[in-house]
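Spelled out, the chains give:
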Amino acid sequence: MGKIAAAVAGLVALLVLLAAAGAGSLLSGFGGGTQQPNSSALSDIPPDYLILYREAAATCPGLPWSVLAAIGKVETDHGRSTLPGVHSGTNSAGAAGPMQFLLPTFNAVVHRTPPPPGGANPPSPYNPHDAIYAAAAYLCESGARSGKDIPGAIKTYNHADWYVAEVLTQAQAYVSAAGLGAETAPDPAALEAINYAQGQLGLPYEWGGDGPAAGDAGFDCSGLTKAAYAAADITLPRVAQAQYDAGPHVPAGQALEPGDLVFYGTPKAIHHVGLYIGGGQMIDAPRPGKPVRIEPYRYVGDDFLGAIRPAVNAK
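Bear in mind that the values here come from a model prediction, so they are computed numbers and not experimental data.

A. Local environment of the overall build of the chain. Looking only at helices and strands, one finds eleven helices and nine strands in the chain. A burial count over the chain gives 50% of its 315 residues as buried. Counting only contacts in the chain whose residues sit at least 6 apart along the sequence, the fraction spanning at least 24 positions is 59%. Of the roughly 14000 Å² that the chain leaves accessible, carbon and sulfur atoms contribute 58%.

Okay, structure coming up:
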């Protein structure tokens, strides 16, 4: 009941703030999408921050507000963190404020793209308004405009594959096709599997490999997905074909969710599997010579077949 009450309270507060700000139009989609904050977003993101994420993202067509919000979550829990550098000073890396900007980077961004009125004068990385608008501008100039390269823009923000995976997963957890306040929450087993897979990024492809825990240097595609779900106490068959056959299958046309396994080939000749993390991306062990990495799950000339949702087996 506590979570439901928090979600309802968050929704009421959000609607009051939207009305007060004259920002009702923010509840419509942007950048060609119709992403709405679900109950997980409404209960987790402070209403004033949610308004800022949506307003700032709208200045960069193609940048989902959920990605901006996910960065705020991963960096400082939407400004709630009490670690050094969030509200004053800098952390050990020299980052400051709720969006954790290096001061030279922040100053350069706001010089190129000044935030709109409503923040500090001069703009400050500690001011949520200024920091969130600056983050949107930085992502936009780094590849997010028109949705050209969202993962690349995130990686510019923090040069780590695990960071890209974490942000994309969190962004997906904040939205739902069912609309504002939909009762949608990230599946714990799926998130555990993704967390494990993030930890394997960069390991080499090894045919038949089951990873360092099994004495192997790396993984092949199905060895990675099997190990990821084993970390969530879900047992999968060893090979991709058997994983696909085991299901449960995601109905054709239904939106993918983080943690789904995506397959390539034909129903009787599966040749590859990856772990979907949101934002159109997957973690997979592609092929010899290519390490475990993040890449789009759809690409020109692919033979994508469909997906299964192993996390259902944990419920």
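B. The arrangement of the pattern of salt bridges in detail. Per the counting criterion, the structure on display carries twelve salt bridges. Between Asp44 and Lys73 there is a salt bridge whose closest N-O contact spans 3.2 Å. With Asp44 in helix α2 (residues 39-44) and Lys73 in helix α4 (residues 65-76), this residue pair connects regions lying 29 residues apart in the sequence. The exposure class assigned to Asp44 is buried, which follows from its relative accessible area of 17%. When its relative accessible area of 23% is taken as the criterion, Lys73 is described as partly exposed. Look at the salt bridges and you will find they share partners, linking Asp44, Lys73, Asp77 and Arg80 into a network.

C. Focus on the sheet that holds strand β6 (residues 269-278). Reading across the sheet, the five strands line up as β8-β7-β6-β5-β9 and stay open at both edges, with antiparallel pairing between neighbours. Of all the strands in the sheet, the pair left with one neighbour each is β8 (293-296) and β9 (304-308). For this sheet, the mean angle separating the axes of adjacent strands, direction not counted, is 40 degrees. Two elements, strand β5 (residues 261-266) and β9, share four bridges in a ladder whose sense is antiparallel. Along β9, the bridge assignment pairs Phe263 with Gly306. Its contacts with the sheet place helix α9 (residues 188-198) against β6 and β7 (281-284), and it is angled at close to 100 degrees to β6. Against the sheet, helix α10 (residues 221-230) touches β5, β6 and β7, its axis set at about 45 degrees to β6.

D. Broad picture of helix α8 (residues 161-173). In a regular helix each residue adds 1.5 Å, so 13 residues correspond to 18 Å; α8 covers 19 Å between its end C-alpha atoms and thus fits that length. Residues Tyr163, Val164, Ala165, Val167, Leu168, Thr169, Ala171 and Ala173 constitute the buried set of α8.

E. Structural context of the pairing of β7. Alternating positions in β7 separate into two faces, Gln281 and Ile283 on one and Met282 and Asp284 on the other, with burial throughout. Examined bridge by bridge, β6 and β7 share three bridges and lie antiparallel to one another. Looking at the pairing, Gly278 lines up with Gln281 of β7. The turn linking β6 back onto β7 is made up of two residues, and Gly279 within it adopts a positive phi angle of 65 degrees.

Rules behind the numbers
- Residues numbered from 1 in each chain as written.
- Predicted model: local features only at pLDDT ≥ 70, side-chain atom pairs only at ≥ 80, totals over all residues.
- Heavy atoms only, no water.
- Helix = DSSP H or I, 4+ residues; strand = E, 2+ residues; numbered from the N terminus.
- Buried < 20%, exposed > 50% of the residue type's maximum accessible area, 1.4 Å probe, protein only.
- Contact = heavy atoms within 4.5 Å.
- Areas by Shrake-Rupley, 256 points an atom, 1.4 Å probe, with all protein chains shown as cover.
- Salt bridge = Lys/Arg side-chain N within 4 Å of Asp/Glu carboxyl O.
- Pairing = 2+ DSSP bridges.
- Axes fitted to C-alpha atoms, helices over the stretch in contact; angles between N-to-C directions.
- Expected span 1.5 Å × (residues − 1).

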